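# Geometric and topological summary
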Amino acid sequence: MMRGRALAIALVASFMTLLDVSIVNVAIPSMQADLHMGSSGLQWVLSGYALTFGLLLVPAGRFGDARGIRPVFVAGLLGFTAASAAAGAAQSEAWLVVARLVQGAFAGVVNPQVTGLIQRLYAPPERARPFGLLGATIGIATAAGPLLGGVIIQFAGTGDGWRWVFYINVPVGLVAAVLGWRLLPRQPGEGHRHESLDPVGVLLLGLAVIQILLPLIEQRHWYLVGTGILTLGGFVRWELRYPGVPLADLQLFRQRSYALGTIVVLLYFAGFTANFFILTLYLQRGQHFTALQAGLAITPFALGSALAAFAGGRIVNRFGRPLVVAGLLTVIAGLSGTLAVLYTVHSPWALSAPLLVAGLGSGLVITPNQTLTLADVPVDRAGSAAGVVQTAQRVGAAFGIAAIGAVFFARLAATSGDWAAAFEMALTVAIGFLVLALAAAATDVALSRR
């Protein structure tokens, strides 16, 4: 009974941090108008959260193992709550961007404790149900985000309504922190107190990604891409020679399924995460939808993804990587259908049908791909391997928002404010990322059949 309550609190925290990935999208036009934000600021609000979220996942998971899950979980939750309050109170673009970076970092502290808690509270034969509940939580958070954000702004007003997208986290976070301290086990990680945290690896990876993202978002300082690649090389060299447990176990990439599966994750999240960002801007600024209408228009994608994820998790062992290939083909078909609708029907509401198709395909990609990517990983490396895959998700999302957002705003400027043209160009680039992900998945299928 007690472990069920502890799991419930952990899932609430996970839901809240993952909700903030998608709920902010429909608030973007309102916060842009209120704080007079530029295009780069908007991209940092989204990509910055994903970036710091991803960079903290692996070291925070190890820190929870070393110091105990309960204190790290509660500290992360309180930090996330405080950062949410700071974001809601933002009075400038810089203030909001910094608050989002801090919020993402604390989200990265909270989430590894949830998976660690499941592993410690449940024996291996019992873990299917709690991990299934975690997967459902992720799917529901994605589905509920745009709609909930639209409802909040509808009732709180378009002026300051976006602030309540962040303020809603405050009471939930405080209650969850108190209950987490009372219900989570005291010392679930006592046996791993001397495990390495690899702070240099975290720093090198963070610097490399930021140097590569900054020119894309700011549209200047392009020399930083070269220095970022050099820093990334330094990160690889450090990880290969690190005497302790490295941030990323690069030896795992010798396994074909793991290497190609991680590439699929990176490219897929780069291609699909930014779609919510550019679609929200197109609907609200280009088609004059309200935040609630934009949330309703986006909901079919998220619902399709959540529903298909349940089926994908059950049938992945039967079909293997071809299921991921089929999912990617479906996503590409759905987004291509979205382009076709824009060219022919010219009704934003008609986007719902192809977005539903894309969402169904997405549900057959994310969970099945992660299952297959980790299938051949040795048990003693499972935690590190899963952390690297999750980091690839968030880094891919950050890169995709930066790259696709840059194309969107450049096209918008070149066409003197043609929102449809900007959306079409950016969506075409997003589909390109997905085609590359499809090529990686198809390569794995082809090699496994030899």
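Below or above, wherever it landed, is the structure these notes cover. Because the structure is a prediction, the values reported are computed rather than measured.

Moving on, we come to the overall build of the protein. Scanning the protein for helices and strands turns up 17 helices and zero strands. At 21 Å, the protein has a C-alpha radius of gyration in line with the 22 Å of a compact globule built from 450 residues. Within the protein, the proportion of its 450 residues that are buried is 56%. Pairs at least 24 residues apart make up 82% of the contacts formed inside the protein by residues separated by at least 6 positions.

With that settled, the discussion passes to the packing of aromatic side chains. Geometry of an aromatic ring pair is reported as the spacing of the ring centres plus the angle between the planes. The final tally for this structure, using the stated rule, is 16 aromatic pairs. Summarising the aromatic geometry, the rings of Trp 238 and Tyr 242 are spaced 5.4 Å apart at their centres and angled 40 degrees between planes, so their arrangement reads as tilted. Here the aromatic rings of Phe 276 and Phe 301 are separated by 5.2 Å at their centres, their planes lie at 85 degrees, and the arrangement is edge-to-face. In this pair, Phe 276 sits in helix α11 (residues 256-286) while Phe 301 sits in helix α12 (residues 291-319), placing the two residues 25 residues apart along the sequence. The two residues Phe 276 and Phe 301 agree in class, both being buried. Here the aromatic cluster, defined as three or more aromatic residues joined through ring pairs, consists of Tyr 268, Phe 269, Phe 272, Phe 276 and Phe 301. The ring of Phe 53 has Arg 394 sitting right over it, with the charged end atom 4.9 Å from the ring centre.

On to the pattern of salt bridges, then. In this structure the tally under the stated criterion is five salt bridges. A salt bridge links Arg 163 to Asp 160, with the nearest nitrogen and oxygen atoms 3.4 Å apart. Judged by relative accessible area, Asp 160 falls into the partly exposed class, the value being 43%. Connected via shared salt-bridge partners are Asp 34, Asp 160 and Arg 163.

The biggest cluster of nonpolar side chains holds 106 residues, and the ones touching the most others in it are Met 31 and Leu 96. With 16 residues, α11 is the single largest residue contributor to this core. If sequence neighbours within four positions are ignored, Met 31 has contacts with Val 24, His 36, Met 37, Val 45, Leu 96, Trp 162 and Phe 166. Ranked by size, the runner-up nonpolar core spans 27 residues in total, among them Ala 6, Leu 7, Leu 11 and Ala 141.

In this structure, His 36 takes a positive phi of about 55 degrees despite not being glycine. Take His 36: it is sitting in the loop between α2 (28-35) and α3 (39-67).

What follows deals with the packing of α11 against helix α17 (residues 419-449). Running from N to C, α11 and α17 cross one another at 165 degrees; their axes reach a closest spacing of 9 Å. As summarised for this structure, α11 and α17 are arranged roughly antiparallel, according to the angle between their axes. In the crossing of α11 with α17, the sense of the turn from one axis to the other is left-handed.

Turning our eyes to something else, we now look at the packing of helix α9 (residues 199-218) against helix α10 (residues 223-241). Contact pair α9 / α10: the axes reach a minimum separation of 8 Å and the direction vectors enclose 160 degrees. Looking at the two axes, α9 sits roughly antiparallel to α10. The way α9 lies across α10 gives a crossing that is left-handed. For the pair formed by α9 and α10, the contact residues are Val 200, Gly 201, Leu 204, Leu 205, Leu 207, Ala 208, Gln 211, Ile 212, Leu 214 and Pro 215 on the first element and Leu 224, Val 225, Thr 227, Gly 228, Ile 229, Thr 231, Leu 232, Gly 234, Phe 235, Trp 238 and Glu 239 on the second. Broken down by class, the residue content of the contact of α9 with α10 amounts to 14 nonpolar, six polar and one charged.

A separate point is the side chain of Thr 373. With respect to the helices and strands, the residue Thr 373 is situated in helix α15 (residues 366-373). Taking the relative accessible area as the measure of exposure, Thr 373 reaches 0% and is therefore buried. In this structure the side chain of Thr 373 is engaged in a polar contact, spanning 2.6 Å, whose partner is the backbone oxygen of Asn 369. When residues no more than four places from it in sequence are discounted, the contact partners of Thr 373 are Ser 257, Tyr 258, Gly 261, Thr 262, Arg 321 and Val 389.

Procedures and definitions
- Residues numbered from 1 in each chain as written.
- Predicted model: local features only at pLDDT ≥ 70, side-chain atom pairs only at ≥ 80, totals over all residues.
- Heavy atoms only, no water.
- Helix = DSSP H or I, 4+ residues; strand = E, 2+ residues; numbered from the N terminus.
- Rg over C-alpha atoms; globule rule 2.2 N^0.38 Å.
- Buried < 20%, exposed > 50% of the residue type's maximum accessible area, 1.4 Å probe, protein only.
- Contact = heavy atoms within 4.5 Å.
- Phe/Tyr/Trp six-rings, centres within 6.5 Å; stacked < 30°, edge-to-face > 60°.
- Lys NZ or Arg CZ within 6 Å of the ring centre and 35° of its normal.
- Salt bridge = Lys/Arg side-chain N within 4 Å of Asp/Glu carboxyl O.
- Core = buried A, V, L, I, M, F, W, Y, C linked by side-chain atoms within 4.5 Å.
- Axes fitted to C-alpha atoms, helices over the stretch in contact; angles between N-to-C directions.
- Parallel < 35°, antiparallel > 145°, perpendicular 65-115°, else oblique.
- Left-handed = near helix turned anticlockwise from the far one by under 90°.
- Nonpolar A, V, L, I, M, F, W, Y, C, P; charged D, E, K, R; others polar.
- Polar contact = N/O pair within 3.5 Å; in protein donor to acceptor, adjacent residues only side chain to side chain.

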